[in-house]
Structures are given as structure tokens and as C-alpha cells.
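Examining the three-dimensional arrangement
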Amino acid sequence: MRSALFAATAFFSLAVTGQSVLAAEAPYVDDRSDAEAVIRSFYSAINRQEFARAWDYFGDTRPAKDFDAFVKGYDGTESVEVKTGGVSEDGAAGSIYYNVPVAIRATAKDGSENVFAGCYTLRQVNASIQEPPFRPIFIDKGALKPSKAEFEDAVPASCGDAPPPPKKDAALEQAKKAFAAAYGDQCDKEMPGGEPLAEPDAYSLRYRDAGAEADQPERETRLFRFFCSMAAYNESAVYYVHDDVSGVRQLQFASPELDIHYENNDSEGKVEAINVTGFQTDDQLVNSEYDDATKTISSLNKWRGVGDASSAGTYLFRNGNFSLVQYDVDASYDGEINPQTVVDYNTPP
């Protein structure tokens, strides 16, 4: 019913205005700066039903016998998603040829989906030897075949004679997806000063389970530290770990709930007592870092810029997890750094 209504609306609009109708919500992308961008632009044109633009991304070798046949080939297509893989290139006299691994998921107007995969070859003619009209990067040829793989896994490893690109770090990619899903709208989109966000810090922690025999192989836990946000004097980070049992999971850090008593109830005055009334968990750590030598993550939350009042936690890696072993609190705003340990599992009794 939706397709019939869309078709009827499109026909009415064409009859009244004489203008083409864009496919709903499909973004306009026309970027010919590199081979991958051309492929994405081509499918942008398909999704928007701008078939003349799609036809123009090809060179002398056209994808169909004529333009009408090309348009008719998309009669039953509602939308197309595209993924690309590692691009390789080959030089030739006056040209560069790019090989682009591609997978698409085509959704038909009846709602059915099909995955296709293969390679496109694109050509860039040396701009300095061209004469008008100028020809940007264009699709020289392409061949996609039905694929039984899931769309996310259907992109070919490589095309042409190029070696397959290096395998991605699967654990890192899973951690990045988890972080983006949970904190994509909460954490900063760029570093202070406008620099793009760097890759998360990654560490490999090897250990043996408690009670494991000496000849048993070591296990590995991967640790990933993601920058989240920065204020005037505090920076927050989110941590994920990965192992062969639990996969990727976010670290939650225990911290004590504090009942602080000041002389005359004046927070600027002398600290009389700091009582631990319970524990909570934090999903982020402030001014934190991992020390591989001691297998600890430490944090320092400054309560004000000069750093004379603060709370600091130390989390030790053991048996595949991080545990709170020490928590120090400097509750006095006296201009001096004089923390008091309120949780101590580091010192023997």
C-alpha cells in the first residue's frame, strides 16, 4: 500500500510541477574526491532516483545497453545500503585505476532484502593532460553477484591483484561499537582545540587464573581506554575490557559513599571525620591512567582547580578483573595536598 501511495504521489507531482521527486529522506551525496566517495555518491543517486546522475558516474563502458534499460533495472528497488572495503590502486600511462571491494543490501519495494558483493574498478585520468570537458574519477566497470553472507560480512577482502588489507582488531572494533552506542551522544565529538578524537588506548594483560597449574597457558584480557570529555581541570574516560569468555564489557568502578564532617559545619574549615557509609559504581573515571608495570588503573578527581581537595582511587587487575584496592580523600580546602586513605586493601592487616 505504501509503495502504491508513493508511486501515485510521485506521478501526481510530476504531472503538476514537471519536476523530479526525490526518494524520501535519502541524503544527497556527490563527492568525486576519491574512489570510495564516487561509489557512495553513485548509490546516493540511486536512492534518490536521480538516475541521470547515477549514469554519469560511469565512463565509456556503461552499466546497461542504454539509459532506459539502466533505469528499468531499478524498478523494484526501494533503497540500497553500501559498504566498501580496502581500496587498492594501480598506475597506468596517464591514469590511476582503483579497485574497490563493495557489498550492497538492496531492499525491494515489497520489503524483501538481498545482498550483493563484488568489485568496482574506477579510473582517474591525469588532470594535467586533460582537455575540456574535464572528467573526474569515474566508474570504469563493476560486477556484483548475489552473496549468502550477512551484509556486515559480505565485503570482499580485496579486489584485483592487491593483497588483502590487514585484518581489523576484532576486539577493538567491538569495543568501539559499544562505546559509540552507549556514549555517542554523551561524550565529546572531538578533542579540546578541535582535533579529531584519537583511537582509544589499548593494552594486553596476560595472567593465569588463581589456582591454575604452571603448565596451563596464560589468558589474555584486552583493556581499552576511551576519552570522553574534558572540563577546566578534569578529564573523564570510559573503559572496556575483552576476553574470550565474556567478550566486550564495560568496566564499572567501585567508589565509597562518603559522609564528611567539618568543624562548625564549615566546608572550608577543619575536617573532623570522613566516614564510608557504603559503595557505589561509576561508569567513568576522572584524570585516570593505566600503569602496566603495576597492573593498576588510578584516578584523581580534583574538587577544585588547585587540586588541594580531591578523591583518588586505585584499581588492581587480578583474576581477569579490576578491583578497588585503595581510595584516598583530601576533603580539606586548605591549599595543601594531604589526602587521607579511607579504603585500604593494599596494606596487610
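Above: the structure in question.
Residues numbered from 1 in each chain as written. Predicted model: local features only at pLDDT ≥ 70, side-chain atom pairs only at ≥ 80, totals over all residues. Heavy atoms only, no water.

This next bit is on the sheet that holds strand S17 (residues 340-344). Spatial ordering of the open sheet is given by S13-S14-S15-S16-S17, a layout of five strands whose pairing is antiparallel. Only two strands of the sheet have a single partner each, and these edge strands are strand S13 (289-291) and S17. Here the average twist between neighbouring strands, direction ignored, is 20°. Pairing geometry for S13 and strand S14 (residues 296-302), over three bridges, is antiparallel. By the bridge assignment for S14, Asp291 is matched with Thr296. (Pairing = 2+ DSSP bridges. Helix = DSSP H or I, 4+ residues; strand = E, 2+ residues; numbered from the N terminus. Axes fitted to C-alpha atoms, helices over the stretch in contact; angles between N-to-C directions.)

This part covers the state of the cysteines. In total, this model carries two disulfides according to the counting rule given. The disulfide partner of Cys119 is Cys159, and the gap between their sulfur atoms is 1.9 Å. Between Cys119 and Cys159, the S-S torsion sits near -85°, and that sign places the bridge as left-handed. One end of the pair, Cys119, is in strand S4 (residues 113-125); the other, Cys159, is in the loop between strand S5 (138-146) and helix H5 (170-183), and 40 residues separate them in sequence. Judged by relative accessible area, Cys159 falls into the buried class, the value being 3%. With a sulfur-sulfur separation of 2.0 Å, Cys187 is cross-linked through a disulfide to Cys228. Residues Cys187 and Cys228 are joined by a disulfide whose S-S torsion is about -90°; by sign, that bridge is left-handed. You can see Cys187 sitting in the loop between H5 and strand S6 (201-207) and its partner Cys228 sitting in strand S7 (residues 219-230), a full 41 residues away along the chain. With respect to class, Cys187 is no different from Cys228; both count as buried. Of note for the protein: the bonded cysteines, numbered N- to C-terminal, pair according to 1-2, 3-4. (Disulfide = S-S within 2.5 Å. Buried < 20%, exposed > 50% of the residue type's maximum accessible area, 1.4 Å probe, protein only.)

A cluster of acidic side chains, namely Glu263, Asp266, Glu268 and Glu272, defines a negative patch on the protein surface. As for its placement among the helices and strands, Asp266 is situated in the loop between strand S10 (253-262) and strand S11 (271-282). (Patch = residues over 30% accessible without salt bridge, like charges linked within 9 Å, V, L, I, M, F, W, Y side chains within 5 Å. Areas by Shrake-Rupley, 256 points an atom, 1.4 Å probe, with all protein chains shown as cover. Salt bridge = Lys/Arg side-chain N within 4 Å of Asp/Glu carboxyl O. Lys, Arg positive; Asp, Glu negative; His and termini not counted. Charge placed at Lys NZ, Arg CZ, Asp CG, Glu CD.)

Turning to the packing of aromatic side chains, a few remarks are in order. When we look at a pair of aromatic rings, we describe it by the centre distance and by the angle of the planes. A full pass over the atoms with the stated rule returns 20 aromatic pairs. When the ring of Tyr290 is compared with that of Phe322, the centres are 6.3 Å apart and the planes differ by 85°; the resulting orientation is edge-to-face. In this pair, Tyr290 is assigned in strand S13 and Phe322 in strand S16 (residues 321-330), connecting sequence segments 32 residues apart. With a relative accessible area of 8%, Tyr290 lands in the buried category. An angle of 55° between the planes, with centres 5.2 Å apart, marks the rings of Phe317 and Phe322 as tilted. Residue Phe317 is classed as buried on the basis of its relative accessible area of 9%. The structure contains a cluster of three or more aromatic residues connected by ring pairs, namely Phe51, Trp55, Phe67, Phe70 and Tyr74. (Phe/Tyr/Trp six-rings, centres within 6.5 Å; stacked < 30°, edge-to-face > 60°.)

Now for helix H2 (residues 35-47). If you check H2, its first and last C-alpha atoms are 19 Å apart, about what 13 residues at 1.5 Å a residue would give, namely 18 Å. Most of H2 sits out of view: 11 of its 13 residues are buried. Taken residue by residue, H2 has Ala35, Ala37, Val38, Ile39, Ser41, Phe42, Tyr43, Ser44, Ala45, Ile46 and Asn47 as its buried positions. Looking at the buried residues of H2, the elements they touch are helix H3 (51-56), helix H4 (67-72), strand S1 (77-84), strand S3 (95-108), S4 and S5. With a side-chain oxygen lying 3.3 Å from the backbone nitrogen of Glu36, the N-terminal cap of H2 falls on Asp34. Gln49 sits one or two positions beyond H2 and adopts a positive phi of about 60°. (Expected span 1.5 Å × (residues − 1). Contact = heavy atoms within 4.5 Å. Polar contact = N/O pair within 3.5 Å; in protein donor to acceptor, adjacent residues only side chain to side chain.)

Okay, a nonpolar patch on the surface next. A cluster of nonpolar side chains, namely Val276, Phe279 and Tyr345, defines an oily patch on the protein surface of about 300 Å² accessible area. Here Phe279 shows up in strand S11.

Moving on: the pairing of strand S9 (residues 247-250). Strand direction decides the pairing type here: strand S8 (residues 235-243) and S9, joined by four bridges, are antiparallel. Looking at S9, one finds that Tyr240 is bridged to Gln250.

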